[in-house]
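Here is what each chain is made of, one letter per residue.
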Amino acid sequence: MSEKIKLTAKDFKSDQEVRWCAGCGDHAVLNVIQRILPDLGVEKENIAFVSGIGCSSRFPYYMDTYGIHGIHGRAAAIASGVKVANRNLSVWEITGDGDSMAIGGNHFIHLVRRNIDINVVLLNNQIYGLTKGQYSPTSKYGQITKTSPFGTIENPFCPGQLTIGSQGKFFARSVDNNMKHMTIVLKEAAAHRGTSIVEVLQNCVIYNDKAHGVITAKATRDDFQIHLVHGEKMIFGKEKNKGLIYDGIDLKVVTIGENGVTEDDIFVHDAHEENPTIHNRLVKMAPPELPVALGVIRAIVAPTYSDNIINQIEAVKENSKIKCMDDLMNSGNTWEVK
Ligand code: SF4
């Protein structure tokens with residue numbers, strides 16, 4: 001009997017030259033995904049990477065797996081077709097904020113609503129990088145770009161809110177300069193059955209450098225990142241003495257040891273809570289008042305689209321009078337021609 005060969009990250013690297021700019025956050029995401037794939041226990045021939053258009057959408061070229069570099073905004077539609085046609089495949093959609101939130105916004109919400117078992121990695125750099133710096137649907141209000149020389153006058157989408165608003169079952173967030181954290185989050189996303197959305201706050205060094213700077217910089221990150229873990233208290237800060245509590249209907253930062261606040265007052269993160277209210281609050285937190293929530297924010301077990309298709313086919317077959325080809329040929333009006 002032949003022994004199964006353990007693959008390594010190298011087995012998932014293609015022979016294509018990686019053409020992202022030096023210092024682009026996409027490199028870190030590529031490295032992490034190539035490193036975690038051998039641990040997922042999926043045969044290489046059963047893995048497919050699908051993308052649309054944008055800098056991050058060059059991803060399938062760099063993977064030594066099956067892949068499709070699709071058309072703008074359509075990665076979700078193509079990936080849906082791939083998964084529904086063969087539910088045994090591990091399907092990954094790599095997309096950017098322009099690709100998935102603008103022209104592909106419609107496909108994004110319906111993928112999420114249908115709960116098709118696809119791992120979506122959304123690299124959010126808040127700009128169109130490939131086409132040289134136009135504002136995207138996640139660019140900050142007032143941001144000056146090539147297409148908004150006086151500042152954008154549009155409120156940005158929050159991918160987490162859009163996911164939850166589309167009945168999303170899994171949403172997680174990480175940052176491109178913390179590969180250890182990204183590894184944990186992407187492994188959890190891969191293990192989740194159903195659509196998993198992982199937003200990676202990614203730096204575009206050329207057209208939107210330091211867009212996430214206050215969240216990712218060494219000097220400020222402890223105060224503006226909270227790493228959520230299911231079942232653990234929502235505590236953060238350099239001294240690990242800050243925490244989240246509810247203040248009316250909103251979340252508020254408190255300091256443990258001040259104003260009578262103890263660790264017991266701090267919320268415990270429940271990623272499995274079906275009611276999306278708290279998850280909705282968590283995904284939209286932002287500095288300076290609140291830290292940005294990282295980690296698996298929402299993870300709900302629910303039937304996937306493939307589960308529902310299989311169940312429906314089985315039910316229709318069982319209740320149908322037609323059991324074989326002869327039954328089919330003799331159903332309805334038949335004529336004998338002599
Ligand atoms: Fe990365 Fe920006 Fe360069 Fe595109 S333009 S490869 S997003 S740094």
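Data block above holds the structure.
The rules behind these values
Residues numbered from 1 in each chain as written. Predicted model: local features only at pLDDT ≥ 70, side-chain atom pairs only at ≥ 80, totals over all residues. Heavy atoms only, no water. Near = heavy atom within 4 Å. Nonpolar A, V, L, I, M, F, W, Y, C, P; charged D, E, K, R; others polar. Pairing = 2+ DSSP bridges. Helix = DSSP H or I, 4+ residues; strand = E, 2+ residues; numbered from the N terminus. Axes fitted to C-alpha atoms, helices over the stretch in contact; angles between N-to-C directions. Contact = heavy atoms within 4.5 Å. Core = buried A, V, L, I, M, F, W, Y, C linked by side-chain atoms within 4.5 Å. Buried < 20%, exposed > 50% of the residue type's maximum accessible area, 1.4 Å probe, protein only. Salt bridge = Lys/Arg side-chain N within 4 Å of Asp/Glu carboxyl O.

Undergrad: Is there a simple way to explain the site of the ligand in this structure?
TA: Residues in close proximity to the ligand include W20, C21, C24, C55, N125, G129, Q202, C204, V205, I206 and Y207, which together make up its full environment. A class-by-class count of the residues in the shell around the ligand yields eight nonpolar, three polar and no charged.

Undergrad: So what exactly am I meant to see when it comes to the sheet that holds strand β10 (residues 250-255) here?
TA: Across a sheet, paired strands are connected by hydrogen bonds in the backbone, their directions being either parallel or antiparallel. The three strands lie next to each other as β8-β9-β10, forming an open sheet whose pairing is antiparallel. With partners counted over all chains shown, the strands left at the sheet margins are β8 (235-236) and β10, one partner each. Summarising the sheet, strand β9 (residues 242-247) and β10 pair through six bridges and their orientation is antiparallel. Its bridge partner lying in β10, I245 is registered against K252.

Undergrad: Would you mind going over the packing of helix α3 (residues 75-85) against helix α5 (residues 105-114) with me for this structure?
TA: Look at α3 against α5: their axes get within 8 Å of each other, and the N-to-C directions meet at 35 degrees. Where α3 approaches α5, its residues A76, A77 and S80 are matched on the opposing element by H107, F108 and L111. When its residues are assigned to classes, the contact of α3 with α5 shows four nonpolar, two polar and no charged.

Undergrad: What is the right way to read the nonpolar core from this model?
TA: The nonpolar side chains of a soluble globular protein tend to be buried with one another. The biggest cluster of nonpolar side chains holds 39 residues, and the ones touching the most others in it are I226, L244, L282 and M285. For this core, the leading source of residues is α3, giving four residues. Apart from the residues lying within four places of it in its own chain, the contact partners of L244 are I226, M234, F236, K252, V253, I266, F267, L282, M285, L290 and P291. Residues A28, F49, Y62 and V200 belong to the second largest nonpolar core, which totals 29 residues.

Undergrad: I keep staring at the pattern of salt bridges and nothing clicks. Help me out?
TA: As a working rule, side chains carrying opposite charge can pair if their charged atoms are close by. Considering all chains together, one arrives at nine salt bridges under this definition. Two residues, D39 and K187, come together in a salt bridge whose shortest N-O distance is 3.2 Å. Here D39 is found in the loop between α1 (26-36) and β1 (47-51), whereas its partner K187 is found in helix α7 (residues 179-191), with 148 residues between them in sequence. When salt bridges that share partners are traced, they join K6, D39 and K187 into one network.

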